[in-house]
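Descriptive structure summary
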Amino acid sequence: MVLAGCVAERAVVDDAIPLRNPTAPIGVTSRYDDARFAGPWFVRGVISRGPAPLRIERRAVAEDVIWRFEQEACATDGGPCRITREDWRAETDVPGADLVRDPEGGEDLRPVVVWIDEGYRTAAVGDAAGRFAWVLDRAPQGGADRIAAAQQVLAFSGFDPAQMRMSN
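Residues numbered from 1 in each chain as written. Predicted model: local features only at pLDDT ≥ 70, side-chain atom pairs only at ≥ 80, totals over all residues. Heavy atoms only, no water.

**Notes on the overall build of the chain**
A tally of regular secondary structure across the chain gives two helices and nine strands. A buried classification covers 42% of the 168 residues belonging to the chain. Contacts in the chain between residues at least 24 apart in sequence constitute 54% of all its contacts with a sequence separation of at least 6. Carbon and sulfur atoms make up 52% of the accessible area of the chain, which totals about 9000 Å². (Helix = DSSP H or I, 4+ residues; strand = E, 2+ residues; numbered from the N terminus. Buried < 20%, exposed > 50% of the residue type's maximum accessible area, 1.4 Å probe, protein only. Contact = heavy atoms within 4.5 Å. Areas by Shrake-Rupley, 256 points an atom, 1.4 Å probe, with all protein chains shown as cover.)

**Some remarks on the pattern of salt bridges**
Following the criterion strictly, the structure yields 15 salt bridges and no others. Among the ionic pairs, Glu70 bridges to Arg55, the shortest N-O distance being 3.7 Å. Pair noted here: Glu70 is in strand 3 (residues 64-74) and Arg55 is in strand 2 (residues 55-61), with a separation of 15 residues, a long-range link. For the pair shown, Glu70 and Arg55 are each scored as buried. Linking Asp98 and Arg58 is a salt bridge whose minimum nitrogen-to-oxygen distance equals 2.7 Å. With Asp98 in the loop between strand 4 (81-91) and strand 5 (99-100) and Arg58 in strand 2, this residue pair connects regions lying 40 residues apart in the sequence. Like Arg58, Asp98 is buried. Residues participating in the shared-partner salt-bridge network are Asp34, Arg58 and Asp98. (Salt bridge = Lys/Arg side-chain N within 4 Å of Asp/Glu carboxyl O.)

**Considering the nonpolar core**
For soluble globular proteins, the rule of thumb is that nonpolar side chains tend to be buried together. Within the largest apolar cluster, 22 residues are counted, with the highest numbers of intra-cluster contacts made by Phe37, Trp67, Phe69, Trp134 and Leu136. Secondary-structure elements contributing two or more residues to this core are strand 1 (39-48), strand 3, strand 4, strand 6 (111-116), strand 7 (122-127) and strand 8 (132-137). Trp67 has contacts with Phe37, Ile56, Glu57, Arg58, Glu86, Asp87, Trp88, Ala90, Asp98, Val100, Pro111 and Trp134, leaving out every residue within four places of it along the chain. The next biggest cluster of nonpolar side chains, apart from the first, holds 14 residues, and it includes Ile47, Val112, Ile147 and Leu154. (Core = buried A, V, L, I, M, F, W, Y, C linked by side-chain atoms within 4.5 Å.)

This is the structure:
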């Protein structure tokens, strides 16, 4: 079953304004574990200049690690929206900071798991280059205290909390 949610609209972020302070520390949480992080995550908050994924899943398939991104694609003519899914292969050279390869040869991603709660229900994930940050949760709603903690960790990691778009 796939559940879709919407991310609240915000004004387009000026490309000249960085999404992350590059002097702030960022690194993988010592709590990170591949097996426990695997599986589906709802994107509950996002900082990015591009479209935001609705759901992310990290999984092992044979010898490969795959990141699946689900997004809502809407027709520009006002037609119906649909959920699109795209699988990206990852290199696992740094635990908790996979190098996720764009299958179309575009810009690769390096999601860094900077925080995860003890029960592996909520995670804060950011890109050291400052291109994106995600608040991920195993559930589409609830866990307000954990969501707030993830936002605080991303702020400590240099991301501007004012740029965070939260899901409904």
